[in-house]
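If you want the building blocks of each chain, they are given just below.
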Amino acid sequence: MSGAVSGFGMTSQRTRTRMIERLREQGIVDEEVLAAIAAVPRHVFVEEALASRAYEDTALPLGFSQTISQPYVVARMIEVLLAGRDELGKTLEIGAGCGYQAAVLAQLTDEVYAVERIAPLLAKAKANLRAIRQLKVRLKHADGQLGLPEAAPFATIIVAAAAAHVPRPLLQQLAPNGRLILPLGTGTQQLVLIERRAEGFVETRLDAVRFVPLLSGVE
Ligand code: SAH
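Residues numbered from 1 in each chain as written. Predicted model: local features only at pLDDT ≥ 70, side-chain atom pairs only at ≥ 80, totals over all residues. Heavy atoms only, no water.

Engineer: Just checking my understanding: could you explain the environment of T67 for this structure?
Structural biologist: The topology assignment puts T67 in strand 2 (residues 66-68). For the pair T67 and L193, spaced 126 residues apart in sequence, the C-alpha to C-alpha distance is 22 Å. (Helix = DSSP H or I, 4+ residues; strand = E, 2+ residues; numbered from the N terminus.)

See below:
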């Protein structure tokens, strides 16, 4: 990797190790999830001017009024998706942004599809994933509220923007025993896990969160 992304003191291995320690202190216990986060150089995904803050546990601006998700929330969502299961399986991410969470997901499963509605952000995600040589994420410019019918069904769906209600296509594209996690609500939001069981969809309400809104159409 070039000096431009690896040379900073602030982006050193020690800084990254510290971030993992903080996630543990906040209650993340799944070693596989912690290892996946440790393996992704978050500074590559943030604006150069913010690189020194890449390993703080905070959301950071991406441009286009969007933010790169907070590491704790990424870890928490993936931990919930994995709990009691062997693997994520075929995974769909809605709201790829700069590609950070997709890179973390790609550490945990071979099949990752990620959709983003803002074309220049999708281009950024593509460039960032290439920079870290992560080539298995399949990116698509689309309105994720419609899911990704051509690749459905998914064992896992993770939504990185808050919806007022669960988009029906996402439920339809969930495989049997599949899991969907999304922030729900306008104003105050809550993480909600939905599992597709033989008897129907089972919903579990989790932490209060703050995400940018899930919007319609593409730009
Ligand atoms: N996953 C990103 C977080 C990006 S923020 C990360 O790892 O940092 C949420 C993203 O969702 C934004 O880029 C926004 O443009 C996108 N988004 C919002 N509504 C969407 C929709 N309907 N379809 C696809 N992407 C959407």
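Engineer: I would appreciate a short explanation of the packing of helix 3 (residues 31-39) against helix 4 (residues 71-82) in the present structure.
Structural biologist: For any two helices packed against each other, one specifies the crossing angle of their axes together with the interaxial distance. It is at 9 Å that the axes of helix 3 and helix 4 come closest, and there the two elements cross at 140 degrees. One element, helix 3, and the other, helix 4, form an angle in the oblique class. Crossing angle aside, the handedness with which helix 3 passes helix 4 is right-handed. Listed contacts from helix 4 to E32, V33 and I37 of helix 3 are P71, V74, A75, I78, E79 and L82. Of the residues belonging to the contact of helix 3 with helix 4, the class tally is seven nonpolar, no polar and two charged. (Axes fitted to C-alpha atoms, helices over the stretch in contact; angles between N-to-C directions. Parallel < 35°, antiparallel > 145°, perpendicular 65-115°, else oblique. Left-handed = near helix turned anticlockwise from the far one by under 90°. Contact = heavy atoms within 4.5 Å. Nonpolar A, V, L, I, M, F, W, Y, C, P; charged D, E, K, R; others polar.)

Engineer: Would you mind showing me how to read the packing of aromatic side chains here?
Structural biologist: The geometry of an aromatic ring pair is captured by two quantities: the separation of the ring centres and the angle between the planes. Per the counting criterion, the structure on display carries two aromatic pairs. A centroid spacing of 5.8 Å and a plane angle of 75 degrees characterise the contact between F45 and Y100, whose relative ring orientation is edge-to-face. Placement of F45 in the loop between helix 3 and strand 1 (60-63) and of Y100 in helix 5 (residues 100-106) is noted, with a sequence separation of 55 residues between them. For the residue pair F45 and Y100, the accessibility class agrees, reading buried in each case. (Phe/Tyr/Trp six-rings, centres within 6.5 Å; stacked < 30°, edge-to-face > 60°. Buried < 20%, exposed > 50% of the residue type's maximum accessible area, 1.4 Å probe, protein only.)

Engineer: Any chance you could explain the pattern of salt bridges here in plain terms?
Structural biologist: As a working rule, side chains carrying opposite charge can pair if their charged atoms are close by. Inspection of every chain in the model, using the stated rule, returns 13 salt bridges. Salt-bridge contacts for K140 lead to E150; the nearest nitrogen and oxygen are separated by 2.8 Å. Here E150 lies in the loop between strand 5 (137-141) and strand 6 (154-159) and K140 lies in strand 5, a separation of 10 residues in the sequence. Residue class for E150 comes out exposed when judged on its relative accessible area of 54%. Residue E195 pairs with R179 through a salt bridge whose shortest N-O separation is 3.3 Å. Of the two residues, E195 sits in strand 8 (residues 189-197) while R179 sits in strand 7 (residues 174-184), which places them 16 residues apart along the sequence. Note on E195: relative accessible area 13%, which makes it buried. (Salt bridge = Lys/Arg side-chain N within 4 Å of Asp/Glu carboxyl O.)

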